[in-house]
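# Chains, contacts and geometry: an overview
Residue strings, one per chain:
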Amino acid sequence: MAMRGLSMQPNLLRENAALCLQAKQEFAANGLPAAKNEAWIYTRLQALTLNPANAGEEAQADEAGVLSFSAGWLQTGGDNLPASVTLTEMGDDAILGEFAAHLPEDHFLGSLSLGHATGAYLIEIAANAAIETPLQLVFEGGEEGQSSHPLIFIKCGAGASCQLAEIHSGTTSLSAPVMVIDAGAGAKIDHVKLQAEDSQASHLALTVFAVAQTADINSFTAAIGAKLGRHETHAHLNGEHIEMALSSLYLGRAEQHQDITTRMLHHMPNCTSNQVIRGVLDDSAKGVFQGKVLVARDAQKTDGQQMSRALLLSRKAEADAKPELEIYADDVVCSHGATVGELDETHLFYMMSRGISEDDAKNMLIQAFLIDALEQVRHEALADILSHAVHDWMAEGL
Amino acid sequence: MNLLEIKNLKAKIGDKEILHGIDLTINRGEVHAIMGPNGSGKSTLSYVLSGRDGYEVTDGEILLDGESVLDMEADERARAGMFLAFQYPVELPGVGGMSFLRAAVNARLREKGEDEVDQLAFVKMVRAKAKALGVDDEMLKRAVNVGFSGGEKKRYEILQMALLEPTMAVLDETDSGLDVDALRIVSEGVNALRGEARGMLVITHYQRLLSHIVPDYVHILAGGRIIKSGDKDLALEVENNGYAGLIDAA
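Residues numbered from 1 in each chain as written. Chains lettered and ligands numbered in written order. Predicted model: local features only at pLDDT ≥ 70, side-chain atom pairs only at ≥ 80, totals over all residues. Heavy atoms only, no water.

### As for the overall build of chain B
- Scanning chain B for helices and strands turns up nine helices and ten strands.
- For 250 residues, the compact-globule formula gives about 18 Å, and the C-alpha radius of gyration of chain B, at 18 Å, lands near that figure.
- The principal-axis extents of the C-alpha atoms in chain B amount to approximately 55 × 40 × 35 Å.
- Counting over 250 residues, chain B shows a buried share of 51%. (Helix = DSSP H or I, 4+ residues; strand = E, 2+ residues; numbered from the N terminus. Rg over C-alpha atoms; globule rule 2.2 N^0.38 Å. Buried < 20%, exposed > 50% of the residue type's maximum accessible area, 1.4 Å probe, protein only.)

Here's what the structure looks like:
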């Protein structure tokens, strides 16, 4: 392990750091996204509970590789991390400035959580390190009504490889993490995010990937919990020969609203990006997929693929899809597609004619529908985390 | 007791009546064939028997082992012993063949009050039965019917029948899309399942299947009614003279 400057009575960034104060002013001036704001057209925000928590008590160290957060504050010292991983608190404007520079300008989610920051941490993985144990960032809610705004900056050094699992649960009000993952040249990162918040929670997340040449990123988000979930991910492909997979699944029941928004930004030539999105919506749940693939003029030989499919299990469920290609280069292979459908009556009848009950048949067909997405997760242990969560969701009944 | 008793069965799809009153009784151990021209109601009959949504019975009765199946869903009928081998078996992308077969077999076992079969024993059981039908391991590993040829799909249907051991098996146009060799393999598979445990209803347009699966009784279905019944020689008569003469005579 290695730990620098991690105190349990941290400097409250939101009251001291110039960037945070500025973001808070921005946030106050702009308010919630307006009805005409194109990026929020399918996801309307009501009033948010903004009550950022203060740091809590230090808890016992977790098992190897696990970092536990409560209400946006790290609870353990991080001395259970591998030697090539360094955990630091982002306590000054310099490192915070580097972090914030990766965020999109004038972005609602960025100013929301910079302006109300809870804990802010830098996790550095040394160049060429090969981390065998997945790093698990486990976020739990704090007291009822508290909001969490953790700022997480992960720098994966050149040639390093690591696995990251981000697990969010137990929030009763608002969880709004902002994460930047900076992948050095040739880095190999497997990342999964499981959002399994409480049924009344709002989860508003902004994740930015800044990817250098020849890096290989496999990222997957499973949005299962919360009443309202927005997972906005921007991936900047800043070098050549990058492989970037950014896939997701979302599940909704009752009045849940799940929003997956991605921006895949091909700035350089010869990169490949792939996005497989699957959603299953029951009752009056609503799902949104907004995905833009932008190919800059210099980004020749780009291969950008994106496919979104939603399955509606109820007449009242709704899926909105807005796939977009914005291409300025002339020698690229890009495609996108979006479908919305129901379970196929022929499939159901065939299975039932074999004695399989309607519920079991539906479950098997839903799992079959999701498998295309889940198969995108290439790291087995990370895939298991998501499969279990999906299985639990199914077991809760149709 | 009769195994299957169909009495004055009338059924419609939407507003259109397709079956205009069918009477048919099948006992254990018997193989009946229903022959008929296109549009005579053959496939409708198979769907009505197996309980497909959208096929509405407006009159009459279907009794399986003396119990009406009309209020039973397709899955309940299957667990009660009804089986339909599909004319066009359905591809289920993403649904693994083995988990599908095991779910079906366990559902039937639970209904009979027997223990479910564990995975290892199940794999052994499937492999043994699959081998006889020329269904190889590679096919078993794939998603249900996905990427199967026409002949493979039909063999897979018969494999399911062999695993589920139904009491009443309905085979809808099982010969369609089969070449001579596949027809022989499928027919041998069906013949191996003949016996006192079950009755069979073989639905076909052509006589050629019936020279492999020789029926005890042959019925001609035309215009939603059975217009003539006889023994296997009736099938030959159709082969030689076509349906037109029979329909005109009726």
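### What to know about the pairing of strand β6 (residues 135-140) of chain A
Residues and elements named next belong to chain A.
- The pairing of strand β2 (residues 66-70) with β6 spans five bridges and is classified as parallel. Its bridge partner being in β6, Phe-69 is matched across the sheet by Phe-139.
- In terms of strand pairing, β6 meets strand β9 (residues 161-169) through six bridges, oriented parallel. Its bridge partner being in β9, Leu-135 is matched across the sheet by Leu-164. (Pairing = 2+ DSSP bridges.)

### With respect to the sheet that holds strand β18 (residues 272-281) of chain A
All names here are of chain A.
- Within the open sheet, the ten strands sit side by side as β3-β2-β6-β9-β12-β14-β16-β18-β20-β22. Their pairing is mixed. Two strands close off the open sheet at either side, each with one partner strand: β3 (73-74) and β22 (333-342).
- Strand contacts of helix α6 (residues 358-374): β14 (216-223), β16 (243-252), β18 and β20 (303-312), with the helix running at about 160 degrees to β18, the strand carrying the most contacts.
- Most of the contacts of helix α7 (residues 380-395) go to strand β12 (residues 188-196), to which it runs at about 20 degrees, and overall it touches β9, β12, β14, β16 and β18. (Contact = heavy atoms within 4.5 Å. Axes fitted to C-alpha atoms, helices over the stretch in contact; angles between N-to-C directions.)

### Here's the deal with the packing of helix α2 (residues 18-30) of chain A against helix α4 (residues 108-115) of chain A
Residue and element names in this part refer to chain A.
- Direction vectors running N to C along α2 and α4 enclose 125 degrees, while the axes themselves pass 7 Å from each other. Relative to α4, the element α2 is oriented oblique. For the element pair α2 and α4, the recorded crossing hand is left-handed. Mapping the contact onto sequence places Cys-20, Ala-23, Lys-24, Glu-26 and Phe-27 in α2 and Phe-108, Ser-111, Leu-112, Leu-114 and Gly-115 in α4. (Parallel < 35°, antiparallel > 145°, perpendicular 65-115°, else oblique. Left-handed = near helix turned anticlockwise from the far one by under 90°.)

### Considerations on the nonpolar core
- Counting residues in hydrophobic clusters, the biggest one holds 112 residues, and the most contacted among them are Phe-100 and Leu-201 of chain B.
- Ranked by residue count, the leading element in this core is α6 of chain A, at nine residues.
- Apart from the residues lying within four places of it in its own chain, the contact partners of Leu-201 of chain B are Leu-24, Ile-26, His-32, Ile-34, Leu-45, Leu-49, Met-168, Ala-169, Val-170 and Leu-171 of chain B.
- By size, the runner-up hydrophobic cluster in this structure holds 45 residues, among which are Leu-87, Leu-137, Ala-160 and Ile-189 of chain A. (Core = buried A, V, L, I, M, F, W, Y, C linked by side-chain atoms within 4.5 Å.)

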